[in-house]
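# Per-entry structural report
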Amino acid sequence: MRPLILKGHTRPLTTVKYNTEGDLLFSCSKDSQPTLWRSSNGERIGTYTENGHRGTVWHLDVTVDSKYLVTGGADMTAKVWDVESGKKIFDFPHTGPVRHVEFSEGSQMFVTVSDPFRGSPACISVYEFDPNAEQPEGPKYMWEVNGLEQGKKLSKATWMPLNKNLLSADEFGVMRLHEVESGRVIREVHEHTKRINAISWNKEKYLFMTGSADCNAILWDAAELKPLKTYATERPVNAVGISPIKEHVFVAGGQDAMSVTTTSSRVGKFETKIFHMVFADAFGSIKGHFGPINTLAVHPEGTGFTSGSEDGYVRVHEFDPSYFEMHSELDDLSALQTM
Amino acid sequence: MPIDFDYSNLDVDLDELDLLEEYISDGDVDTDRVFEEEEGEGADLKKNFDKVVVVDNLPKGVPQEKHEKLQAVIRKLFTSKVGDLQEDGLFLPADGDNKTLGFAFLAYKTVDSALQAIKVLDGIKLDSKHTCKVFPYTDLEKFATWPEEYQEPELPEYKPMPNVNEWLMHPAVRDQYLLRHGNNTEIYWCENAVMKAQATLAYDGERERQNGKIWCEMYTAWSPQGSYLATFHRQGIVLWGGDEFQRIRRFAHPGVQHILFSPNEKYLLTWNGVDDNMNARALILWDLRTGREIKCFKVDKQPDGEPAVWPVMKWSPDDQFFARQIRDGISVFDSSTGRLLEKKPIKAKSIREFYWSPSDNIIAYWAPEADNFPARVVLLDPETREERRSKNLFNVREVKLHWQNSGDFLCAQVLRHTKSGKTTFTNFEIFRMRDANIPNEILTMKDMVEHFSWEPSRERFGIIHGENQHRLGISFYSAGSVEGGKSIELLYNLPNKAFNNLHWSPAGNNVIFAGSAISGEIEFWDVDEEVMTAAEEHFMCNEISWDPSGRMVATIVTQPMFGSVAMKYQLENGYNMWSFQGDSLRKEKMEHFYQFLWRPRPKSLLDESEKQKVERSLKNYMARYTKEDEVRRKRLEASANKEKISALQEFRDLCAERHEIFVQQQQERERLGLVVPDNDEEFDVMDTEEEVLVSEKVEPYP
């Protein structure tokens, strides 16, 4: 498995994301240049920079039809782009750096998470998304998270199935289920003990995974918000992914960049681990980055995955045929039962 | 078994102290006294009498003029060894004419000193006529009120001791190991390689936990034959044994930092780490089986003023003696009394280092060149004080002594320099202990020598050497036969092996090459077959430990209990288990991991011929054990599979249920406009080809 190594960013990667079909790959980094790549060959198609972000771009998301891109940056704006032309369509000003942006199911809305800044609290905003509107409209709903201390940060907010609720995650590892309109907290879950760095859904959105600085990743049942499996690693988890074709999950991260500068890359364990989804044992690890892995995206067809790291590189991995042939006797229940 | 221990970083929690005390103090009169004394001056009268001793058989009828002189003599004699008297602590009773009555009362400053005086000074000779008796003041009272009639003492109820060899009877003869991490002390049975070194708990301090105690918060140590487990506590050492690790014995020694069992577990030495030559109870010799204190010693710094290094004393292989190196000599003590043999040390001029033979009461030591005397390696019989063999050496920089573990060979690794002093080379002087007159043979090596070690119980040895630190290789030699004839022979050399250490299996033949801890590279080597069986790594590994049977080996990352070095290893704390051939069996991570200790085994009861018999019929045994292993493996697999099957079943059932809901919701999705109904016709798939000029290169005309 020789990865494509994409050298386009000059600063640490913050997010990588495939479109619905998986032929396009979006990436953004601290260098303020969201970039579009062809996932099959690593060709750089273009960047989204015209009247673009100033400073770090923290997160991005793409509509289900791959036509529009939303980006959120440290310059306190979320921006919507036309994917094909690279033109910016809208600017959405916020009260603090924008940490997270995510389209709803069907891409008719998107949610943003902004940091506390100069007295303004951490905020979750929901926008209606109409690409044909003349002017960008302000947020439809905007609320603070009840129970989060003033000045503390949120890291994520994700749409629950059918856009019925929003799930937020904060820097203490607490997750809260909210009413979309009011932000009222319906449930609070304390399973992680440190900042939640990543949330990732399976295709049909009944399973999702969280990764936390407490070195664990957890697989959840979305309907009951119940932890199903825990994947333990030795380093903070920054990125997670669920395979759409196998009972495998991907967990990546590494020692915090601050504390590894003087040691070799092996101490940091900058690797992506593959766990069996049910047995929760790590059976593979993919090394190569020389800084912590900040973000990861699994190809929608399950043929590979892409990781982006603090080292400024994007590595696009395509699995070898042996991965698809790999067949644990345990995966086959009927065979097991006859043993 | 040297244990480094630093109490200075420890916060003393008084509650905890009380708790720990229970381990040691109940019912033990001696220790009670020690503890009381620690609590400071008490107003209790009885306690004060504990510090008073009576000295009898002093000169009678000494007139008053001479009282002062007599007092001075007594004072000198009775304080120099045991400690000071209290102010006005000497009372010399006299009759009406002011003539002495022939006895005196001495009040010491501490109970400790008083006890010591009774022990040490009883029977001391003032002059040829006066042999003094020293006894506790409380005895006066005791004997004054002694009942006239004999009362039969009540016999204490007989409590059978747990069988300390119980663990050797394990039906499958497994080995045990101890893990010391956080506040936990756990002992596990280790399954064999077929069972992936699976661990089953033997004991983890459950009984202590139920009593609201922590089994051990400090270090632990096994006795050399594995019969006992010693735990360190602030007040002393506790020994545990038997199948449930019952408490067997306590040795009260406040602040104990190091212990050393005698090889056959008859005696125990404990040291509190003090080397000021003042503390009378710095080092204590115990009879291990009765728990009785035989003798205590002061400990001085090394002759050159460096702090004393454990082991301060070294045991003879048969437990009969222990010895300490002093300036120009070795003090050899009798273990049963703790007294110096022939009341004087054995002379050993300029001695630098000494070791007992592992099998015989022979001491090997070396001394560097001094005062026009050449450097020497000497083999000494401490009982006759005769030199059995000595060899003079010239131009010596340094000597390292290596005993082969069955005591058949001694190797003196001598670093020498040429006459000009510019270059150095190494001589390995191999002494054959079993031959008459102990002949020796020399192997010379021009290379820098990084490491030397004997193969356990065999005649082979391995050397890591090379032109410099960066170009190392490994050579294996045979020292020839134990007796007569055959000489040293190079077996083979492995060039370009960048390792610093050899870790021999206790069963011999298999050896691990280990590099630096940072790289953690290890290679498993079969010496007979001359093959590498595995090349692996264990990052940051700072310890490699073979099980006593040589079936399994653990690579370990532990951290010291105290100090900042701990940080370095913290992240990697844990251990990996390997088969002797280097198959990775199991990996464990563990926070605050301090000790991994295999439980040692006693020496085999079989003699050489019986061992060979077993080896010859190995095939028969093998069939049996293979079969047993197979049954066990299947059982294990079946139970593991059962768990996995149910986990998988449960998970897939849930997913199927959730998928069903997803399908049901599809209509709602369409109604809400969240999805576009599947319509492939929307797309036209076209194959296009495009030629792109990547680069152009014009070949120059030839």
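Residues numbered from 1 in each chain as written. Chains lettered and ligands numbered in written order. Predicted model: local features only at pLDDT ≥ 70, side-chain atom pairs only at ≥ 80, totals over all residues. Heavy atoms only, no water.

For chain B, the name recorded in an unreviewed UniProt entry is Eukaryotic translation initiation factor 3 subunit B, with Hondaea fermentalgiana as its organism. Entered under Subcellular location (unreviewed entry) in the UniProt record, the comment concerning chain B runs "Cytoplasm". Comment text from UniProt for chain B, heading Sequence similarities (unreviewed entry), reads "Belongs to the eIF-3 subunit B family." (UniProt positions renumbered as here; feature names shortened; annotations may be inferred.)

Going by the annotation in an unreviewed UniProt entry, the name recorded for chain A is Eukaryotic translation initiation factor 3 subunit I, with Hondaea fermentalgiana given as the source organism. The UniProt entry for chain A carries the following comment under Subcellular location (unreviewed entry): "Cytoplasm".

### Brief notes about the overall build of chain B
Within chain B, the secondary structure is distributed over eleven helices and 40 strands. For chain B, the proportion of contacts with a sequence separation of at least 24, taken over those separated by at least 6, is 49%. Element-wise, carbon and sulfur atoms account for 49% of the exposed surface of chain B, whose accessible area totals about 39000 Å². (Helix = DSSP H or I, 4+ residues; strand = E, 2+ residues; numbered from the N terminus. Contact = heavy atoms within 4.5 Å. Areas by Shrake-Rupley, 256 points an atom, 1.4 Å probe, with all protein chains shown as cover.)

### Brief notes about the overall build of chain A
For chain A, the helix and strand inventory stands at three helices and 28 strands. Relative to the 2.2 N^0.38 estimate, which gives 20 Å for 339 residues, the radius of gyration of chain A is 19 Å and therefore close to what a compact globule would have. On the principal axes, the C-alpha backbone points of chain A span a range of 65 × 45 × 45 Å. Evaluated residue by residue, chain A yields a buried proportion of 58% over its 339 residues. Across chain A, every contact between residues at least 6 apart in sequence was considered, and the portion connecting residues at least 24 apart equals 43%. About 14100 Å² of surface is accessible on chain A, with carbon and sulfur atoms providing 47% of the total. (Rg over C-alpha atoms; globule rule 2.2 N^0.38 Å. Buried < 20%, exposed > 50% of the residue type's maximum accessible area, 1.4 Å probe, protein only.)

### Remarks on the UniProt feature "repeat: WD" (unreviewed entry) in chain A
Residue and element names in this part refer to chain A. Taking the UniProt record as the reference, the feature "repeat: WD" (unreviewed entry) is found at residues 6-47, 50-91, 189-230 and 286-316. Annotated as 0% helix and 60% strand, the span residues 189-230 places its first and last C-alpha atoms 15 Å apart. Measuring from the first to the last C-alpha atom of residues 286-316 gives 12 Å, for a span that is 0% helix and 52% strand.

### A word on the interface of chain A and chain B
Opposite the 32 residues of chain A that make contact, chain B presents 25 residues. Around 2700 Å² of area is buried between chain A and chain B when both sides are counted, 60% of it from carbon and sulfur atoms. Linking chain A with chain B are five salt bridges. Across the pair Glu105(A) and Arg669(B) runs a salt bridge whose closest N-O atoms are separated by 2.6 Å. Counting across the chain A and chain B interface gives seven residue pairs in polar contact (both at pLDDT 80 or more). Only strand E20 (216-221), strand E21 (226-232), helix H1 (265-268) and helix H3 (333-338) of chain A provide two or more residues apiece to the side of chain A that touches chain B. Ranked by residues supplied to the side of chain A that touches chain B, first place goes to H3(A) with three residues. Considered class by class, the residues forming the side of chain A that touches chain B number 14 nonpolar, six polar and twelve charged. (Buried area = accessible area lost by both parts, 1.4 Å probe. Salt bridge = Lys/Arg side-chain N within 4 Å of Asp/Glu carboxyl O. Polar contact = N/O pair within 3.5 Å; in protein donor to acceptor, adjacent residues only side chain to side chain. Nonpolar A, V, L, I, M, F, W, Y, C, P; charged D, E, K, R; others polar.)

### Re helix H5 (residues 111-121) of chain B
Looking at H5(B), one finds that the buried residues are Val111(B), Ser113(B), Ala114(B), Gln116(B), Ala117(B) and Leu121(B). Downstream of H5(B) by one or two residues, Gly123(B) has phi in the positive range, about 90°.

### A look at the sheet that holds strand E13 (residues 141-143) of chain A
Residue and element names in this part refer to chain A. With antiparallel pairing, the four strands of this open sheet are ordered in space as E10-E11-E12-E13. The open sheet is flanked by strand E10 (98-103) and E13, the only strands paired with a single partner. Taking the axes of each pair of neighbouring strands and ignoring which way they run, one obtains an average angle of 10° across the sheet. (Pairing = 2+ DSSP bridges. Axes fitted to C-alpha atoms, helices over the stretch in contact; angles between N-to-C directions.)

### Thoughts on the confidence of the model for chain B
Taken over all residues, the pLDDT of chain B has a mean of 85, while the share at 70 or more is 90%. Contacts from residues 1-45 of chain B, a stretch scored under 50 in pLDDT, to residues over four places away or in other chains number 93 contacts. (pLDDT = per-residue confidence, 0-100.)

### Points about unusual backbone geometry
Generally, phi is negative for residues other than glycine and the peptide bonds are trans, each holding for most cases. Here Trp310(B) and Pro311(B) are connected by a cis peptide whose omega angle stands at -5°. Turning to its location among the elements, Pro311(B) is positioned in the loop between strand E15 (293-297) and strand E16 (314-315). In the Ramachandran plot, Asn163(A) falls in the positive-phi region, its phi being about 55° despite a non-glycine side chain. Here Asn163(A) lies in the loop between strand E14 (154-159) and strand E15 (165-170). Even without being a glycine, Asn496(B) presents a positive backbone phi close to 55°.

### Notes on the pattern of salt bridges
According to the stated counting rule, one finds 50 salt bridges over all chains in the structure shown. A salt bridge links Glu179(A) to Arg184(A), with the shortest nitrogen-to-oxygen separation between them at 3.1 Å. A salt bridge links Arg460(B) to Glu455(B), with the nearest nitrogen and oxygen atoms 2.6 Å apart. Each member of the salt-bridge network shares a partner with another, and the members are Asp221(A), Glu224(A), Glu657(B) and Arg658(B).

### Topic: the nonpolar core
Core analysis: the largest hydrophobic core is formed by 22 residues, its most contacted members being Phe232(B), Ile237(B), Leu239(B) and Ile259(B). Taken together, the elements giving at least two residues each to this core come down to strand E9 (229-233), strand E10 (236-241), strand E11 (246-252), strand E12 (258-261) and strand E14 (283-287) of chain B. (Core = buried A, V, L, I, M, F, W, Y, C linked by side-chain atoms within 4.5 Å.)

### Some words on the sheet that holds strand E24 (residues 272-276) of chain A
All names here are of chain A. In spatial order, the strands read E22-E23-E24-E25; together these four strands make up an open sheet with antiparallel pairing. The two strands at the open ends of the sheet, each matched to only one other strand, are strand E22 (237-242) and strand E25 (282-286). For this sheet, the mean inter-axis angle between neighbouring strands, taken without regard to orientation, is 20°. In the sheet, E24 pairs with E25 via four bridges, with the strands oriented antiparallel. By the bridge assignment, Phe-275 is partnered in E25 with Ala-282.

### Some details on the packing of aromatic side chains
Applying the stated criterion to the full structure yields 55 aromatic pairs over all chains. Among the aromatic side chains, those forming a connected cluster through ring pairs are Tyr68(A), Phe90(A), Phe92(A), Phe103(A), Phe110(A), Tyr127(A) and Phe129(A). Between Lys246(A) and the ring centre of Tyr323(A), over which it is positioned, the NZ or CZ distance is 5.3 Å. Lying over the aromatic face of Tyr355(B), Lys314(B) brings its terminal NZ or CZ to 4.6 Å of the ring centre. (Phe/Tyr/Trp six-rings, centres within 6.5 Å; stacked < 30°, edge-to-face > 60°. Lys NZ or Arg CZ within 6 Å of the ring centre and 35° of its normal.)

### Brief notes about a nonpolar patch on the surface
Judged by side-chain polarity, Leu618(B), Tyr621(B), Met622(B) and Tyr625(B) come together as a nonpolar surface patch covering roughly 380 Å² of accessible area. Within the element layout of this structure, Leu618(B) appears in helix H10 (residues 618-664). (Patch = residues over 30% accessible without salt bridge, like charges linked within 9 Å, V, L, I, M, F, W, Y side chains within 5 Å.)

### Observations regarding the UniProt feature "domain: RRM" (unreviewed entry) in chain B
Within the UniProt annotation, "domain: RRM" (unreviewed entry) is assigned to residues 51-129 of chain B. Structurally, residues 51-129 of chain B comprises 30% helix and 23% strand, and the distance from its first C-alpha atom to its last is 28 Å.

### Observations regarding a negative patch on the surface
Residue and element names in this part refer to chain B. Taken together, the side chains of Asp-607, Glu-608, Glu-610 and Glu-615 present a region of like negative charge at the surface. Mapping Glu-610 onto the fold places it in helix H9 (residues 608-616). According to the relative accessible area criterion, Glu-610 is partly exposed, its value standing at 36%. (Lys, Arg positive; Asp, Glu negative; His and termini not counted. Charge placed at Lys NZ, Arg CZ, Asp CG, Glu CD.)

### Focus: the pairing of strand E40 (residues 593-598) of chain B
All names here are of chain B. Summarising burial for E40: five of the six residues are buried, a large majority. Here strand E5 (residues 175-181) runs beside E40; their pairing, made up of five bridges, is antiparallel. Bridge pairing links His-181 to Phe-593 in E40.

### Regarding the side chain of Lys229(A)
Structurally, the position occupied by Lys229(A) is in strand E21. Among buried charged residues, Lys229(A) stands out as having no salt bridge; its nearest opposite-charge side chain is Glu650(B), 6.6 Å away. Other than its neighbours up to four places away in sequence, Lys229(A) contacts Ala217(A), Ile218(A), Leu219(A), Met277(A), Val278(A), Ala647(B) and Phe651(B).

### Focus: the pairing of E12(B)
All names here are of chain B. Burial along E12 is two-sided: the face carrying His-258 and Leu-260 and the face carrying Ile-259 and Phe-261 are both buried. Looking at chain direction, E12 and strand E13 (residues 267-271) are connected through four bridges and run antiparallel. Bridged to Phe-261 within E13 is Leu-268. Linking E12 to E13, which pair antiparallel, is a turn of five residues; within it Glu-265 sits at a positive phi near 65°.

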